[in-house]
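Residues per chain are reported as follows:
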Amino acid sequence: MAPLAHNATSSSPEHHDDAPGTGRAPLFAVAAAVLGLTGLSLTLVLGGAAFPEVIPGLPDAGEAVRWGMPLAKVAMDGSAVVAIGLLLLAAVLLPSRQGRLTPQAASYVRGATWAALVWAVAAVATLYFQASEFLARTIGEVSVDEVTAYAGAVSGGIALMFVILLTTGIALFGRTATTATGGLWLLVLALVATTPPALTGHSASSGAHELAVTGLAMHVVAISVWVGGLAAVTYHAVRRDAQEPAVAAHRFSRLALWAYIGVAVSGAASALARLSSPAELVTTEYGLIILVKIILFGVLGAFGYMHREFALKGVDGPEFRRGSFLRIALVEVLVMATVIGVSVGLGRTAPPPPLEGTVDPAAAILGFPVPPPMSVQTLLTLWRPDLFFIMLVVIAGGLYAAGVTRLLRRGDTWPVGRTVAFGAGLLSIVVIQLSGFATYAMVLFSTHMIQHMTLSMLTPILLVLGAPVTLALRALKPARQRGDRGPREWLNLFLNSRFSKAVTHPAVAAPLFVFSPYALYFTPLFPTLMNDHLGHLFMGAHFLITGFLFYWVIVGVDPAPRKMPYLLRILLLLLAMGFHAFFGISIMMQSAPMAMDFYSQFDVPWLDGLAEDQYAGGGVAWALGEIPTLLVMLTLVVQWSRDDEKQERRRERHSRRGGSDDADMDDYNAYLAELDRRSRGTAAPGTGTAPADEPDAAGPEDTADRAERGGRDGKDERGAQESAGEGTADDDPAAANGR
């Protein structure tokens, strides 16, 4: 199914006689609020949070706090859903016009700022109620200074302060947003603002940190996009002057499918992290509430199927089946409002306690008991299901395979070596982050260092050689509407942005790669990050990203903002490896074990000593750097040789076409001649008009065009070489390097 094709995005108001209008929108909003509060109340009663057993003599925050906090949380979540839905509609679902928001899209962004303001106020109320409950004092007894102290010292308060800051920023800066890029940034900030409270609740205290923390954050983001997007598209469809509602509905339908899958996967991961057995679904209050959510989730899935089968069948036809779409969507929104209330009530319900005799102090810190001595068997069996890296591998591998498949189906080719390299990079993530290595990396510094070196020095090389950016630019289709932005246009815009040019500059990428280990391991930052699962995620992502940026500059085959001479690449590589070798030696020379704030919290009975293990970790950091250096050096030699061959073929073809032996000098002389003609106001030779290919008017060729030109199926020698993935250097050295 494809959206309607238009040559240009129309911003003029359209009139749809079949639209019911927005007169009943407040009525449906009230109905959604009532259903959400009903679901909340029933869940609080079922879970026991509404009427807890209060022990006489102990302080209690009172009924007002007990009911006020979930009500404030419902207001917070509801306004968050509205803000995210409106921003999603404005920046992604509605076509833009040359990167600028249409008048209706701009009005939705302004509406999102008001929703963000309500979100911030509700977060302030939630902060006050949380402080009252934490201090066990009733409303009015907690001072502003005590609330401020709570917000700066307790994880729940810190999380809400982040929410207040982000939502206030959205409310302020959203008033001036006029471009699709600005709307997209506001959407990203809104999605980020949903995650801090989710990471400081039951997930932070769950035993399976890898599933619970990432699962709940992913669950909140996915359901916010799903519910908010549907509510916004439904409101847009009831408007009689709606701008292209069929296009918005179709785009959201494709996005909603992925959001539904994300909700299912993250919800299952969260349930597995909190329930010891499937029997607890029916034997505990917490499990029964999860069961209710599963049933409602199935109902929403049925509605989604009805959308695709009945309401959206008319998108490709002459008319949009607005009536069918609205009838299904309105009921679906009401069910989603009930789910939000149930979810808030679930957050107030205590998970089942661990089974008797299963409480382990080390497990409370690590998320699992101390493993037995390391062996081949334990490395192959003691897997850690880290949802973040599972989703990273699955999504990246799936997108890469889909891109290669699309190229092959249209008769194009893609080098097998690149596919093998990218697959090997993903496999290295599986081995180092999900197998027994991940388990032992939590208790052994030496294994942690193996994990670090692999993520920063081996995996990035393989991923970079897979050329994922080039594949994406060749596989993605341009936007169907002229002036609109699809995935390919957004990717191209990002690659040519000032941010991308800055982080890929050698003066930025190299110091990040070289000095990050020193800043991490020789400061208190390392034990702090080791004590929290989010810290582990940060370290893993940081190692991977900084390594990718550095090796993308050194051996990258994707189109880059600048091309470094090969000799300078080799010198930069040797300099970086020298710093890494010195880093390993510095660890080996430490007189006392590092990060004792973390490693002293549990005992590893079969370990000879922390100092000996740390010495081995320093040796790993020193020795493992040699293997990637050799691999990169061989790759550079091959790339340098091929680049010289391409330059020679280019000169030969240029000479046969009547030019001199120096094609670059001929191009430069032609450029100067063109500037001279323009300064005199004369036309180009052989034409009666001004030259069409003016350097100043045309500007630099964008990344997407270079990658597309590199993938075309030409019938001449150059086209055959480009189709084989070799590329040429005839027109653009940066494009040749990218291909």
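Owing to the predicted nature of the structure, the values given are computational and were not obtained by experimental measurement.

Engineer: Would you mind going over the side chain of Q451 with me for this structure?
Structural biologist: Tracing the sequence through the fold places Q451 in helix α19 (residues 445–465). Those residues in contact with Q451 that sit more than four places away from it in its chain are I432, Q433, A438 and A441.

Engineer: How do you make sense of the nonpolar core when you look at a structure like this?
Structural biologist: Within soluble globular proteins, side chains that are nonpolar generally end up buried alongside one another. Judged by nonpolar contacts, the single largest core of 78 residues is most densely connected at L89, W119 and W226. In terms of residue count, the dominant contributor to this core is helix α3 (residues 103–135) (twelve residues). Apart from residues lying up to four places away in sequence, L89 is in contact with L94, Y108, A232, V233, H236 and A248. Of all hydrophobic cores here, the second largest spans 76 residues; its members include W414, Y440, V557 and V604.

Engineer: Sorry, what's going on with the environment of I290 here?
Structural biologist: When you line up the elements, I290 lands in helix α12 (residues 285–311). Using a relative accessible area of 10% as the deciding quantity, one classes I290 as buried. Measuring from C-alpha to C-alpha, the distance between I290 and A271 comes to 7.7 Å, with 19 residues separating the pair along the chain.

Engineer: What exactly am I supposed to notice about a nonpolar patch on the surface here?
Structural biologist: A surface patch of nonpolar side chains, amounting to about 390 Å² of accessible area, comprises L257, W258, I261 and V265. In this fold, I261 is placed in helix α10 (residues 245–274).

Engineer: Mind showing me how you'd approach the confidence of the model for the protein chain here?
Structural biologist: Any segment with low pLDDT has predicted coordinates that should not be analysed in fine detail. Here the protein chain shows a mean pLDDT of 81. Residues at 70 or above account for 82%. Across residues 709–739, where pLDDT falls below 50, the model places 79 contacts with residues more than four positions away in sequence or in other chains.

Engineer: Just checking my understanding: could you explain the packing of α19 against helix α23 (residues 506–521) for this structure?
Structural biologist: Working note: a packed helix pair is described by the angle between its axes plus the distance between those axes. In contact at an axis separation of 12 Å, α19 and α23 are set at 155 degrees when each is read in the N-to-C sense. Accordingly, the angle class assigned to the pair α19 and α23 is roughly antiparallel. Both α19 and α23 take part in a crossing whose hand is right-handed. Where α19 abuts α23, its residues F445, H448, M449, H452, S456 and M457 lie against F513, P517 and Y521. Partitioning the contact of α19 with α23 into residue classes produces six nonpolar, three polar and no charged.

Engineer: Sorry if this is basic, but what is going on with unusual backbone geometry here?
Structural biologist: Of all residues except glycine, most have a negative phi; of all peptide bonds, most are trans. Despite not being glycine, A136 has its phi angle at roughly 55 degrees, a positive value. If you trace the backbone, A136 turns up in the loop between α3 and α4 (144–153). Backbone geometry places A467, a non-glycine residue, at a positive phi of 50 degrees. Here A467 is to be found in the loop between α19 and α20 (468–475). You can call A467 buried: its relative accessible area is 0%.

Engineer: It is not clear to me how the environment of A402 should be interpreted in this structure. Could you clarify?
Structural biologist: Tracing the chain through its elements places A402 in helix α16 (residues 387–409). With relative accessibility at 44%, the residue A402 sits in the partly exposed group. Put simply, A402 and A475 are 73 residues apart on the chain and 8.6 Å apart in space, counted from C-alpha to C-alpha.

Engineer: Looking at this structure, how should I read the packing of aromatic side chains?
Structural biologist: Enumeration according to the criterion identifies 25 aromatic pairs in this entry. Each ring, one from Y128 and one from F129, has its centre 6.3 Å from the other, and the planes form 70 degrees; the classification is edge-to-face. Y128 gets classed as partly exposed once you look at its relative accessible area, which sits at 22%. Residue F129 is classed as buried on the basis of its relative accessible area of 14%. Taking the centre distance of 5.4 Å and the plane angle of 75 degrees together, the rings of F598 and F602 count as edge-to-face. One exposure class covers both F598 and F602, and it is buried. An aromatic cluster is built from F445, Y518, Y521, F522, F526 and F583, whose rings are joined through pairwise contacts. The positively charged end of R418 is found above the aromatic ring belonging to W414, 5.0 Å away from the centroid. A cation over an aromatic ring shows up here: R569 above the ring of Y566, its NZ or CZ 4.4 Å from the ring centre.

Engineer: Looking at this structure, how should I read the packing of α3 against α4?
Structural biologist: Between α3 and α4, whose axes approach to 9 Å, the crossing angle comes to 90 degrees. Here α3 lies roughly perpendicular to α4, going by the angle between them. Residues L127, Y128, Q130, A131, F134 and L135 of α3 form the contact with α4, whose own contacting residues are E146, V147, Y150 and A151. Looking at the contact of α3 with α4 residue by residue, the classes come out as eight nonpolar, one polar and one charged.

Engineer: Looking at this structure, I do not really get the side chain of T113. What am I missing?
Structural biologist: Of note, T113 is situated in helix α3. For T113, the side chain forms a polar contact with the main-chain oxygen of R110, separated by 2.4 Å. Once you skip the residues sitting within four places of it in the chain, T113 turns out to touch I170, A171, G174 and R175.

Thresholds applied
- Residues numbered from 1 in each chain as written.
- Predicted model: local features only at pLDDT ≥ 70, side-chain atom pairs only at ≥ 80, totals over all residues.
- Heavy atoms only, no water.
- Helix = DSSP H or I, 4+ residues; strand = E, 2+ residues; numbered from the N terminus.
- Contact = heavy atoms within 4.5 Å.
- Core = buried A, V, L, I, M, F, W, Y, C linked by side-chain atoms within 4.5 Å.
- Buried < 20%, exposed > 50% of the residue type's maximum accessible area, 1.4 Å probe, protein only.
- Patch = residues over 30% accessible without salt bridge, like charges linked within 9 Å, V, L, I, M, F, W, Y side chains within 5 Å.
- Areas by Shrake-Rupley, 256 points an atom, 1.4 Å probe, with all protein chains shown as cover.
- Salt bridge = Lys/Arg side-chain N within 4 Å of Asp/Glu carboxyl O.
- pLDDT = per-residue confidence, 0-100.
- Axes fitted to C-alpha atoms, helices over the stretch in contact; angles between N-to-C directions.
- Parallel < 35°, antiparallel > 145°, perpendicular 65-115°, else oblique.
- Left-handed = near helix turned anticlockwise from the far one by under 90°.
- Nonpolar A, V, L, I, M, F, W, Y, C, P; charged D, E, K, R; others polar.
- Phe/Tyr/Trp six-rings, centres within 6.5 Å; stacked < 30°, edge-to-face > 60°.
- Lys NZ or Arg CZ within 6 Å of the ring centre and 35° of its normal.
- Polar contact = N/O pair within 3.5 Å; in protein donor to acceptor, adjacent residues only side chain to side chain.

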